[in-house]
Amino acid sequence: MDIENWAAGIDCRIEDGDIHLSNIRGAQTAIRGEDGEIEIDNLSGDLAIDVEDGDVNLTACEMPSCRVESEDGGITISQSKGSYDLIVDDGNVVMKKIEAKGLNISSEDGDIEVELLAGEPLNADIKTDDGDINIDLEKQFSVTFFVSANDSDSIRIGFDNIEGYKKDKQTKSGSLNGGTGRLRIQTADGDVKIKERW
């Protein structure tokens, strides 16, 4: 199913098949699917997606609220802005060049990669039961971080000037560039890397 150049809300339910939305301007877009890929580009407005089996790809979207739930499939979001609530049972989460105010990511089995641009203060909770977490921050990104893993040796923080740096057997924490935002990361089984990019 394809919808282009739409300026109203969308409520879509589909059992089997791919969905492609482009140039959407609506207060609320809701998609429920059982089996199929979902691809959305250039959406403005709130977005809610619930998919059982299939990948979700979002590009160049501005979403005050974005909630994506996927049982089996990856989530990829690029060049977008908003507040995100992403829940994945089995699949990777990849976010590239994102300006996020709120960011909650929960994965049972899968890697998480996030590139964050400096903007409004971040409020983020990122966790996976089984998988690696890689966070790239734009220069001058201001955040206080707390990272928890099975062993603090599996946590790598690629910054020289960390304010209030603390480390113990399972955690590392500190602040970057004044620490106005909050970033909490947890993995039960996997490595965590936070580094500067750009």
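In the block above lies the structure referred to throughout.
Since the structure is predicted, the reported quantities are computational estimates derived from the model, not experimental observations.

J.: Could you give an account of the pairing of strand β6 (residues 62–72), naming the residues involved and the relevant values?
T.: With 7 bridges joining them, strand β4 (residues 38–53) and β6 adopt parallel strand pairing. Residue pairing in the sheet places aspartate 50 in a bridge with glutamate 69 of β6. As paired strands, β6 and strand β8 (residues 81–90) are joined by 8 bridges and run parallel to one another. Residue valine 68 lies in a different strand from β8, and its bridge partner there is leucine 86.

J.: Just give me the short version of the side chain of serine 142, but keep the residues and values in it.
T.: Here serine 142 is to be found in the loop between β12 (133–138) and β13 (143–148). For serine 142, a relative accessible area of 16% translates into the label buried. Only 2.9 Å separates the side chain of serine 142 from the backbone oxygen of asparagine 177, close enough to count as a polar contact. If sequence neighbours within four positions are ignored, serine 142 has contacts with Leu176, Asn177, Gly178, Gly179, Thr180 and Gly181.

Definitions and cut-offs
Chains are numbered independently. Their residues run from 1 in the order of the written sequence. Residues qualify for local features only when their pLDDT is at least 70, as the model is predicted, and side-chain atom pairs are given and counted only at 80 or more; totals for whole chains, interfaces and linings, by contrast, use all residues. With hydrogens and water set aside, each side-chain value is computed from the structure's full complement of heavy atoms. Strands qualify as paired when DSSP identifies two bridges or more between them. We count a stretch as a helix when DSSP gives it H or I for four or more residues in a row; a strand needs E for two or more, and each element gets its number in order from the N terminus. Burial classes: relative accessible area under 20% of the type maximum marks a residue as buried, over 50% as exposed, and values in between as partly exposed (1.4 Å probe, protein chains only). Any pair of N or O atoms that falls within 3.5 Å is considered a polar contact. Within protein, one atom must be able to donate a hydrogen and the other to accept it, and sequence-neighbouring residues count only if both atoms are side-chain atoms. Any pair of residues with heavy atoms lying within 4.5 Å of one another is described as a contacting pair.

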